[in-house]
Amino acid sequence: MKRAIFPGSFDPITLGHYDIIQRGVSLFDEVIVAIGVNAEKKYMFSLEERKRFIEETFQHEPKVRVITYEGLTIDLCKKEKADFILRGLRNPADFEFEKAIAHTNRKLSKIETVFLLTASKTSYISSSIVRDVLRNGGDYTVLVPPAVRVKP
């Protein structure tokens, strides 16, 4: 079984994440969306909310599973018997950052990282942009799946 971990904070999930997960489903037998917990980071949405957003978004897709985790992604891959890490790339800066992580993961384990370029229609979307739009009362709904509906 080809299983991939798609790690991130998903604060919140965006249409860019959605696109990568949908495309990942066509490549892998299972895509595990893994919400990382980082005690150093301040999140806008609780872990439970972020998990619910993703579960609702993919409720009709049996090849997508949502979990939470702490620690190294490569340790999670071993635990979940995943041979691949799935990552989306929006721009050259993403590539440079992700390349360093992928090389480190490959050095520490046998895990391969698979990069998918984001669709041009979603390449400008990031969770930080969504949070900024939300904080300032803008229409964030055009940037996220329907499950992400909150009261500002």
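See above for the structure.
Note that the structure is predicted; figures quoted are calculated from it, not measured.

A. Quick look at the overall build of the chain. A count of helices and strands for the chain gives five helices and five strands. Secondary structure elements of the chain occur, N-terminal to C-terminal, as β-α-β-α-β-α-β-α-β-α. Projected onto its principal axes, the C-alpha positions of the chain cover 45 × 35 × 30 Å. The buried share among the 152 residues of the chain stands at 46%. In the chain, the share of contacts with a sequence separation of at least 24, taken over all contacts with a separation of at least 6, comes to 76%.

B. Summary view of the pattern of salt bridges. One pass over the structure, following the stated rule, counts eleven salt bridges. Two residues, K51 and E55, come together in a salt bridge whose shortest N-O distance is 3.2 Å. Of the two residues, K51 and E55 both sit in helix α2 (residues 47-57), four residues apart, roughly one turn of that helix. The class for K51 is partly exposed, based on a relative accessible area of 29%. Across the pair R52 and E56 runs a salt bridge, and its minimum N-O distance is 3.4 Å. With R52 and E56 both in helix α2 and four residues apart, the pair spans about one turn of that helix. Take R52: its relative accessible area is 37%, and that puts it in the partly exposed class. Because the salt bridges share partners, they merge into one network encompassing R3, E30, R65 and E80.

C. Structural view of the packing of aromatic side chains. Applying the stated rule across the entire model yields five aromatic pairs. Centroid distance F6 to F10: 5.4 Å. Interplanar angle 65°. Geometry classified as edge-to-face. The class of F6 is buried, set by a relative accessible area of 3%. Using a relative accessible area of 2% as the deciding quantity, one classes F10 as buried.

Reading the values: rules and limits
- Residues numbered from 1 in each chain as written.
- Predicted model: local features only at pLDDT ≥ 70, side-chain atom pairs only at ≥ 80, totals over all residues.
- Heavy atoms only, no water.
- Helix = DSSP H or I, 4+ residues; strand = E, 2+ residues; numbered from the N terminus.
- Buried < 20%, exposed > 50% of the residue type's maximum accessible area, 1.4 Å probe, protein only.
- Contact = heavy atoms within 4.5 Å.
- Salt bridge = Lys/Arg side-chain N within 4 Å of Asp/Glu carboxyl O.
- Phe/Tyr/Trp six-rings, centres within 6.5 Å; stacked < 30°, edge-to-face > 60°.

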